[in-house]
Amino acid sequence: EMKADRIEDLIALVALYRPGPMDNIPTYCRRKLGLEEPTYLHPKLAPILSETHGIIVYQEQVMQAAQILAGYSLGEADLLRRAMGKKIQAEMDAQRERFVTGCATHNITPERANELFDLIDKFAGYGFNKSHAAAYALLAYQTAWMKVHYPEEFFAASMCFDMHQTDKLAIFIDDMRRL
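Note that the structure is a prediction, hence the values are computed from the model and not measured.

Asker: Give a detailed account of helix α9 (residues 151–161), specifying residues and quantitative values.
Answerer: Note: α-helices contain 3.6 residues per turn, so residues at a spacing of three or four share the same orientation. What α9 keeps buried is the set F154, F155 and S158. In an axial view of α9, the angular spread of the buried residues amounts to 90°, which keeps them on one side of the axis. Every exposed residue of α9 that faces more than 90 degrees away from the buried side is listed here: E152 and C160.

Below, the structure written as structure tokens:
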């Protein structure tokens, strides 16, 4: 659906293919293909979200958003990221207060700051950091390349590795027949 044509697309898909962010895959694909214009949670976020078509994809983007919108230091932004991931209510309440207060110093109303916090929080609980996504994307690309260019060797190695799992062997056999 995405018509990936660069490694960055695969990296984004790895990060998006998780509970929460997964809902954004169709939007990401439409925007990547130029079928929909990117929109941004706030105009100040355009520089950090332009590479992902206006969608928060990586944990680093959550941290940068907190820095840009609410004046967080890098350390504070990391604490926010961790708090959002753990969902501890007292910690989240303290972070919300800090975020809203910080946004006020950047001319963002408390209503909009709370809305932004909720949108960022929705993503952050399941966010993936870009370096991990990149490592998984590279491995997926290499695996797919081996499967296409060396199918016999790929399936022999895969089946040897999983020979004790007959359900997986059946999947490999079906895949070989399909190919």
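Asker: Quick rundown of the layout of surface pockets? Include the residues and the values.
Answerer: Over the atoms, a rolled probe matching the size of one water molecule traces out where space is still vacant. As a volume, the largest pocket reaches approximately 300 Å³. Forming the boundary of the largest pocket are 16 residues, of which N24, L41, I55, I56 and L119 lie nearest the centre. Listed by contribution, the elements that provide at least two residues to the lining of the largest pocket are α2 (25–32) and α7 (110–124). Broken down by class, the residue content of the lining of the largest pocket amounts to eight nonpolar, five polar and three charged.

Asker: Please provide a residue-by-residue account of the packing of helix α6 (residues 89–104) against α7, values included.
Answerer: Running from amino to carboxyl end, α6 crosses α7 at an angle of 130°, the nearest separation of the two axes being 9 Å. Classified by the angle their axes make, α6 and α7 are oblique. Judged by the sense of rotation from one axis to the other, the crossing of α6 with α7 is right-handed. Contact with α6, carried on its side by M92, Q95, R96, F99, V100 and C103, involves P110, A113, N114, L116, F117, D118, I120 and D121 of α7 and no other residues of that element. Class assignment for the residues of the contact of α6 with α7 results in nine nonpolar, two polar and three charged.

Rules used throughout
Here the residue index of a chain counts from 1 through its sequence in written order. This being a predicted model, a pLDDT of at least 70 is required before a residue's local features are given, and a value of 80 or more before pairs of side-chain atoms are given or counted; all residues contribute to the totals for chains, interfaces and linings. The basis for every side-chain value is the complete set of heavy atoms in the structure, and neither hydrogens nor water enter the calculation. Burial status follows relative accessibility: with a 1.4 Å probe on protein chains alone, a residue under 20% of its type maximum counts as buried, one over 50% as exposed, and anything between as partly exposed. To qualify as a helix, a DSSP run of H or I must reach at least 4 residues; to qualify as a strand, a run of E must reach at least 2; elements of each kind are numbered from the N terminus. The directions considered for the arc run from the helix axis to the C-beta atoms. Put plainly, a pocket is an open set of points on a 1 Å grid over the protein atoms alone with protein on both sides within 12 Å along at least five of seven lines, a cavity is a set where a 1.4 Å probe fits but cannot get out, and a lining residue has an atom within 4 Å of a point. Grid points are joined across faces, edges and corners, and a volume is the space filled by probe spheres set on the points. Gly counts as polar in this scheme, as do all residues outside two lists: the nonpolar Ala, Val, Leu, Ile, Met, Phe, Trp, Tyr, Cys and Pro, and the charged Asp, Glu, Lys and Arg. Angles shown run from 0 to 180 degrees and are taken between the N-to-C directions of axes, each axis being a line fitted to C-alpha atoms and, for helices, limited to the stretch in contact. With respect to orientation, any angle under 35 degrees is reported as roughly parallel, any angle over 145 as roughly antiparallel, any angle of 65 to 115 as roughly perpendicular, and every other angle as oblique. Left-handed describes a crossing whose near helix is turned anticlockwise from the far helix by less than a right angle; the clockwise case is right-handed. Working rule for contacts: check all heavy atoms of both residues, and any pair within 4.5 Å makes them a contact.

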